[in-house]
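Chain by chain, the residues run as shown.
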Amino acid sequence: MRQEPLFSVQDLRVSFGRHGHQFEAVRGINLHVDHGEVLGIVGESGSGKSVGMLAALGLQAKTAQVRGSAKFRGRELVGMPRRELRTLRGSRIGMIFQDPLSSLNPVMTVGAQIAETILLHNSAVSKKAALDRAVELLALVAISQPDRRIHQFPHEFSGGMRQRVMIAMAVANDPDLLIADEPTTALDVTVQAQIMDVLGDLKKRLNLGLILITHDLGVLAGHADRVAVVYSGEVVEQAGIDDLFERPSHPYTRGLIASIPDMSEEKDRLFSIEGAPPPLGRLPGGCAFHPRCPQVQPICRTAAPVLRTYEGHSASCHFADIPAEGAA
Amino acid sequence: MTRYILRRLIAMPFLVLGIVTLAFLLTTVTKGDPLAAIVSDRQMNDPEAVAAAKARWGLDRSLPERYVIYVRNLLTGDMGTSFITRRPVAQDVLFRLPATMELVIAAMLVGSTIGIALGVLAAYFRNTPTDHLARFFALIGSSVPVFWLGLALLYVFSVKLGILPGPGRLDPRAALPPRITGFMTIDTLLAGNVKLFIDAVWHLILPAFVLGWAVAGTISRLVRANMLEVLDREFILTARSKGAGEFRVVIRHALRNTLVPTLTVIGYSFAYLLTGAVLTETIFSWPGMGSYAVDAARGLDFPAIIGVTIVGGIVFLVTNLLTDVAYVIANPRVRLG
Ligand SMILES: Nc1ncnc2c1ncn2[C@@H]1O[C@H](COP(=O)(O)OP(=O)(O)OP(=O)(O)O)[C@@H](O)[C@H]1O
Ligand SMILES: [Mg+2]
């Protein structure tokens, strides 16, 4: 039997609203990631990437209902008592968010914030020792003069530096899993590359399982091992990164690949997928992507495609170049 | 930061002089005869008293000269003599100031504790019955007049239920502790009389609550609004993702971030508390500046009215200074800038 993965999500569903006005933002996603592996999750804004991962860790909004399963080292997280979840968060599972300008507490020194993460999970550690460790962590994410920097406040750091601080905080307790939710979206291109390098380096050093959420497939090239493509709260395609770029099976994935900005070729206009994602709660019948699909056929309007998997590559499109189950 | 505080300290004497000048002008414009502002009606028939007063305040001199004399008298602590008590106003006011300060500080503690607690609860449980209840409670405090609230609570808790003592600072049968600070709670402790201390605190509860409830409303509304905004910020999510418990998230991360506006509103509510103290002291027979001011106003006791104005103004200035200093200390951005 296959060993239990480090982190796996099965048929995770998140819905908002009550009294019959419910809508599902995450409509049954399946993922898994192992130690030393980088899983990319890619999809447009509003596709449910953040909501899904937050819900898996019990960090959803109070108004959200979460169903399905999210397992960390075999332990079910959905429905886990809050106290127990807290012992995992920040200790075994680290998180980094999109906007480094607002994800640090403006009235606490950077050192105090990193030390807090350590102290929350290690009652035996002294404040002094936690601050010393904070200095080490800042050095680990390549911040110069860390012993001076820990006494500064977030507003004394640049955006890229703050994201490094967030990363230092997220890995303060040597986690097994790191979830980075669009860690570079708010940063400019050169800083983006630096942050990705820091993350890649940490992954190797700490043998982390890393989940990289992004809406730019280009960011994942060279960094992710596998990619899950999310559309309107569903994983529509999942494959190894090379496999995905060579044989994209879903028209949405092909659209995403075509819209990666290409530095070498001077393209006049960036390709972008036409139309906008459907408003949640008013999904079209059939395949959710059909109103925007360039290859739409009559069947797409009436029947929802089933996810088909072949040799670790799965896609849910009626016309995916993937043999039906059992044909393998 | 020290430079900022220094600047503010240097400005203080000028502001105080401004208040004094206003108070002085008040003596010259309120009545045609400035003598009437210094000498009571009864003494007017006494030529000796009139002459003495004229000499002391330079009433036969020009206005600017009189101003200089007035300020000089003030500098020696001379605010004139109260018509009613026949004692120097400075002595009267200083004697009564601690009682008012004790009441106002207690009210401020009660008001900010209740206000912050209600604001935090309302924000954390937004749009739930807890929120509605907290907001309703705050609304009562800030919309029901102090005298009505005072009388109603006095009736219910003291007269009907007998849980809390009636008006006054101490049980009237009790022997007063030696006066050292004028703060009853402190003096009873200094006298080593714990029973009396408890009695003093017990007497303080109702007036402090009545006065504090009003500012609790203002404070809770501000805290709720600020907390709502802060709780939606991303660093709150960061704190939760670090494994912090809800109490820590709310107090250490969210509330700490509303500290600056909260401190400011608490500091400025002091002015409201000072004026509110006038009514509260009257209702609770509290021997402070407020009840003194009411008596002075009733008796057209001009020296006393002006003395209260000046001292009240100075207290107000000092608290504003403290508020601004606290603002600077609580705000790292200002502190470093
Ligand atoms: N608290 C909430 N109440 C109601 N709807 C919500 C709530 N939080 C998120 N949503 C909705 O859920 C959907 C998915 O949001 P989510 O933040 O997961 O998108 P995302 O894929 O992370 O996008 P982005 O790239 O912009 O971060 C959005 O349509 C959003 O409006
Ligand atoms: Mg997101």
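Residues numbered from 1 in each chain as written. Chains lettered and ligands numbered in written order. Predicted model: local features only at pLDDT ≥ 70, side-chain atom pairs only at ≥ 80, totals over all residues. Heavy atoms only, no water.

Caption draft 1: Molecular detail of the sheet that holds strand β6 (residues 93-96) of chain A. All names here are of chain A. Read across the sheet, eight strands follow the order β6-β7-β8-β3-β9-β10-β12-β11 without closing on themselves; strand pairing throughout is mixed. Either end of the sheet is taken by a strand with one partner, and the two such strands are β6 and β11 (308-310). Adjacent strand axes in the sheet meet at a mean angle of 15 degrees, parallel and antiparallel pairs treated alike. Pairing of strand β7 (residues 177-181) with strand β8 (residues 209-214), which is carried by five bridges, proceeds in the parallel orientation. What sits directly across from A180, in β8, is L212. The strands touched by helix α6 (residues 159-170) are β6 and β7; relative to β6, the strand with the most contacts, the crossing angle is about 170 degrees. (Pairing = 2+ DSSP bridges. Helix = DSSP H or I, 4+ residues; strand = E, 2+ residues; numbered from the N terminus. Axes fitted to C-alpha atoms, helices over the stretch in contact; angles between N-to-C directions. Contact = heavy atoms within 4.5 Å.)

Caption draft 2: Fine view of the packing of aromatic side chains. Under the criterion given, the structure shown has nine aromatic pairs over all chains. Residues B:F137 and B:W213 carry aromatic rings whose centres are separated by 4.7 Å and whose planes lie at 25 degrees to one another, so their mutual orientation is stacked. With B:F137 in helix α5 (residues 129-143) and B:W213 in helix α8 (residues 194-231), this pair connects stretches of sequence that are 76 residues apart. Residue classification places B:W213 among the buried residues on the basis of a relative accessible area of 9%. Among the aromatic residues, those joined into a cluster by ring pairs are A:Y231, A:Y252 and A:F289. Over the face of the ring belonging to B:Y124 we find A:K62, whose NZ or CZ atom lies 4.1 Å from the ring centre. In this structure, B:R179 is placed above the aromatic ring of B:F95, and the distance from its NZ or CZ to the ring centre is 3.9 Å. (Phe/Tyr/Trp six-rings, centres within 6.5 Å; stacked < 30°, edge-to-face > 60°. Buried < 20%, exposed > 50% of the residue type's maximum accessible area, 1.4 Å probe, protein only. Lys NZ or Arg CZ within 6 Å of the ring centre and 35° of its normal.)

Caption draft 3: Structural view of the interface of chain B and chain A. Contacts between the two partners involve 22 residues from chain B, matched on the other side by 29 residues from chain A. Interface area, chain B with chain A, both sides summed: about 2300 Å², of which 58% is carbon and sulfur. Together, B:E234, B:S241 and B:K242 form the three largest contributors to the area buried by chain B at its contact with chain A, with a combined 27%. There are two salt bridges connecting chain B and chain A. Across the pair A:E116 and B:R248 runs a salt bridge whose closest N-O atoms are separated by 2.5 Å. Summed over the shared surface of chain B and chain A, the result is twelve residue pairs in polar contact (both at pLDDT 80 or more). Broken down by secondary-structure element, the contributors of at least two residues to the side of chain B that touches chain A are α9 (234-241), α10 (246-257) and α14 (332-336) of chain B. For the side of chain B that touches chain A, a count of residues per class yields six nonpolar, six polar and ten charged. (Buried area = accessible area lost by both parts, 1.4 Å probe. Salt bridge = Lys/Arg side-chain N within 4 Å of Asp/Glu carboxyl O. Polar contact = N/O pair within 3.5 Å; in protein donor to acceptor, adjacent residues only side chain to side chain. Nonpolar A, V, L, I, M, F, W, Y, C, P; charged D, E, K, R; others polar.)

Caption draft 4: Inspection of unusual backbone geometry at higher detail. If you check the backbone angles, A:Q145 has positive phi at about 50 degrees while not being a glycine. As for its position among the elements, A:Q145 is in the loop between α4 (127-140) and α5 (146-149). Here A:Q145 falls in the partly exposed class, since its relative accessible area comes to 45%. The phi dihedral of B:N127 falls on the positive side, at around 60 degrees, and the residue is not glycine. Since its relative accessible area comes to 59%, B:N127 is described here as exposed.

Caption draft 5: Examining the pattern of salt bridges more closely. Residues and elements named next belong to chain A. Taken as a whole and judged by the stated rule, the model has 26 salt bridges over all chains. Here R205 ties to D201 by a salt bridge, and the two come within 3.3 Å at their closest N and O atoms. Of the two residues, R205 and D201 are both situated in helix α7 (residues 189-206); the distance of four residues between them amounts to about one turn of the helix. By relative accessible area, which is 54% here, R205 ends up exposed. Look at D201 and you get partly exposed, because its relative accessible area is 32%.

Caption draft 6: Structural context of helix α2 (residues 47-57) of chain B. Residue and element names in this part refer to chain B. Among the residues of α2, A49, V50, A53 and W57 are the ones counted as buried. In a view along the axis of α2, the buried residues occupy a sector of 100 degrees, so they form one face of it. Among the exposed residues of α2, those pointing more than 90 degrees away from its buried face are P47, E48 and A55. Tucked inside the fold, the buried residues of α2 contact α3 (63-75). (Arc of directions from axis to C-beta.)

Caption draft 7: Broad picture of the domain arrangement of chain B. Residues and elements named next belong to chain B. Assigned domains within chain B: domain 1 (2-75) and domain 2 (95-330). Measuring from the centre of the C-alpha atoms in domain 1 to the corresponding centre in domain 2 gives 33 Å. Contacts between the two partners involve 18 residues from domain 1 and, on the opposite side, 14 residues from domain 2. Across the domain 1 to domain 2 interface the summed buried area is about 1400 Å²; carbon plus sulfur atoms make up 85%. The largest per-residue losses of area from domain 1 upon contact with domain 2 belong to R8, M12 and I19, which jointly make up 34% of the total buried on that side. Viewed at the interface, domain 2 and domain 1 are joined by one salt bridge. Across the pair D324 and R8 runs a salt bridge, and its minimum N-O distance is 2.4 Å. Between the two partners, domain 1 and domain 2, sit one residue pair in polar contact (both at pLDDT 80 or more). Top element by residues in the side of domain 1 that touches domain 2 is helix α1 (residues 2-29). It accounts for eleven residues. (Domains from an automatic or database assignment.)

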